[in-house]
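The lines below spell out each chain.
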Amino acid sequence: MGRTLYLECNSGISGDMTVGALLDLGADKQYLSEVLSTIKAEGFKIAYSRVKRAGLDCMDFDVILDEEHDGHDHDMDYLYGHLHEEHHHDHDHEHHHEHRDMKEINQIIDSAALTDRAREIAKRIFNVLAEAESKAHGVPVEQVHFHEVGAIDSIVDIISIAVCMDNLDITEVIVPKLYEGQGTVRCQHGILPVPVPAVTNIVSEYKIGLEILDINGELVTPTGAATVAALRTSDTLPKEFVIEKVGMGSGKRDYGLAGFLRAMIIK
């Protein structure tokens, strides 16, 4: 039959927030861990915890990278330190990100013990990302080298979203709009405006409504935007519905907002 998911992105959306919300909705944690253990890639482990966001109980899904693979994705000093620095030298922030192309990412997805449906969902999300990055950098899709998104934590986030969506038997996804911050954020390519180019390309291509909040910071990550683009089946909530279950997925970055993604199974 399939179930309907409503994602309320008032504090933005990222890969880990989405996984947290889906686990909180009842996706099987044990099963997810087993699937993730079959991923042929090094340098990560998974942690699940309950955290408070705005005083509310949320599920936190964390892909912990070893030193060699850490990409500072949740390091506020790294992401926004440029706003407070007089002289910024890039070599202060050298770190090793693996650069993977679509072929390598597809091999990783194919090597993991996924159901056909979960595999298809994971590839669909990555294809949306590849197209957005290819447009941003002006290179063909097969030549796109993912930096942030090719890092193992993003790959794990996307595979986890696919596994949980399949596990919960979600077939319809309603996302009315995305809420995004403003200002700038630092990434592999330098300092970028928010929303970052991959996100603007995705929301433009998939006609996803955007509301810019008066907050400095990146609320919508490329993985979050690609997830919405790949999964959304409608942008309109029914006039009336019953909420069967609510899941709250915690974000990692603190912008003074609630900082969680709320997901609801509705009918």
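Before reading on, note that the structure itself is shown above.
Just so you know, these numbers come straight off a predicted model, no measurement behind them.

Caption draft 1: Seen up close, the packing of aromatic side chains. On inspection of all chains with the given rule, the structure shows two aromatic pairs. Geometrically, the ring pair formed by Tyr6 and Phe241 is edge-to-face, given 6.4 Å between the ring centres and 70° between the ring planes. With Tyr6 in strand β1 (residues 3-8) and Phe241 in the loop between α8 (222-231) and β9 (243-250), this residue pair connects regions lying 235 residues apart in the sequence. Both rings, one in Tyr48 and one in Phe61, keep their centres 5.9 Å apart while their planes meet at 50°; by these two values the pair is tilted. In this pair, Tyr48 sits in strand β2 (residues 44-53) while Phe61 sits in strand β3 (residues 56-65), placing the two residues 13 residues apart along the sequence. Of the residues examined, Tyr48 reaches a relative accessible area of 23% and is grouped as partly exposed. Using a relative accessible area of 0% as the deciding quantity, one classes Phe61 as buried.

Caption draft 2: Spotlight on helix α6 (residues 152-167). For α6, spanning 16 residues, the distance from its first C-alpha to its last is 22 Å, which sits close to the expected 22 Å at 1.5 Å a residue. Within α6, 15 of the 16 residues are buried, which leaves it mostly tucked inside the rest of the structure. Trailing α6 by a residue or two, Asp169 shows a phi angle of about 55°, which is positive.

Caption draft 3: The arrangement of helix α5 (residues 116-137) in detail. Helix length check: α5, at 22 residues, gives a terminal C-alpha distance of 31 Å against a target of 32 Å (1.5 Å per residue), a fit within 8%. By the burial criterion, the buried members of α5 are Ala118, Arg119, Ile121, Ala122, Ile125, Phe126, Val128, Leu129, Ala130, Ala132, Glu133 and Ser134. Each element contacted by the buried residues of α5 is listed here: α4 (102-111), α6, α7 (197-205) and α8. Positioned one or two residues after α5, Gly138 has a phi angle of 65°, which is positive.

Caption draft 4: Region of the structure containing empty space enclosed by the protein. If you walk through the whole model with that rule in mind, you get one cavity of 30 Å³ or more. The calculated volume of the largest cavity comes to roughly 30 Å³. If you go around the largest cavity, the residues you meet are Tyr31, Val35, Ala113, Leu114, Thr115, Ala118, Val163 and Asp166. When contributions to the lining of the largest cavity are tallied by element, the ones reaching two or more residues are α2 (29-36) and α6.

Caption draft 5: The pairing of β3, seen in detail. Taken together, the ten bridges between β2 and β3 define a ladder with antiparallel strand orientation. Along β3, the bridge assignment pairs Arg50 with Met59. In textbook terms, the turn of a hairpin is the stretch between consecutive antiparallel strands, and for β2 and β3 this stretch comprises two residues, one of which, Ala54, has a positive phi near 50°.

Caption draft 6: Broad picture of the environment of Asp60. Inspection of the secondary structure puts Asp60 in strand β3. Sequence spacing of Asp60 and Met17 is 43 residues, and the spatial spacing of their C-alpha atoms is 7.3 Å. Apart from the residues lying within four places of it in its own chain, the contact partners of Asp60 are Ala47, Tyr48, Ser49, Val51, Ser250, Gly251 and Lys252. For Asp60, the side chain forms a polar contact with the side chain of Lys252, separated by 2.9 Å.

Caption draft 7: Quick look at the pairing of strand β10 (residues 260-266). The buried fraction of β10 amounts to six of the seven residues, a majority that puts the element mostly inside the structure. With five bridges connecting them, β1 and β10 associate as antiparallel partners. Note on β10: the bridge partner recorded for Leu5 is Ile265. Inspection of the sheet shows β9 paired to β10 by seven bridges, in the antiparallel sense. Paired with Gly247 across the bridge in β10 is Ala263.

The rules behind these values
- Residues numbered from 1 in each chain as written.
- Predicted model: local features only at pLDDT ≥ 70, side-chain atom pairs only at ≥ 80, totals over all residues.
- Heavy atoms only, no water.
- Phe/Tyr/Trp six-rings, centres within 6.5 Å; stacked < 30°, edge-to-face > 60°.
- Helix = DSSP H or I, 4+ residues; strand = E, 2+ residues; numbered from the N terminus.
- Buried < 20%, exposed > 50% of the residue type's maximum accessible area, 1.4 Å probe, protein only.
- Expected span 1.5 Å × (residues − 1).
- Contact = heavy atoms within 4.5 Å.
- 1 Å grid on protein atoms, 1.4 Å probe; cavity = no way out; pocket = protein on both sides within 12 Å on 5 of 7 lines; lining within 4 Å.
- Points joined across faces, edges and corners; volume = space filled by probe spheres on them.
- Pairing = 2+ DSSP bridges.
- Polar contact = N/O pair within 3.5 Å; in protein donor to acceptor, adjacent residues only side chain to side chain.

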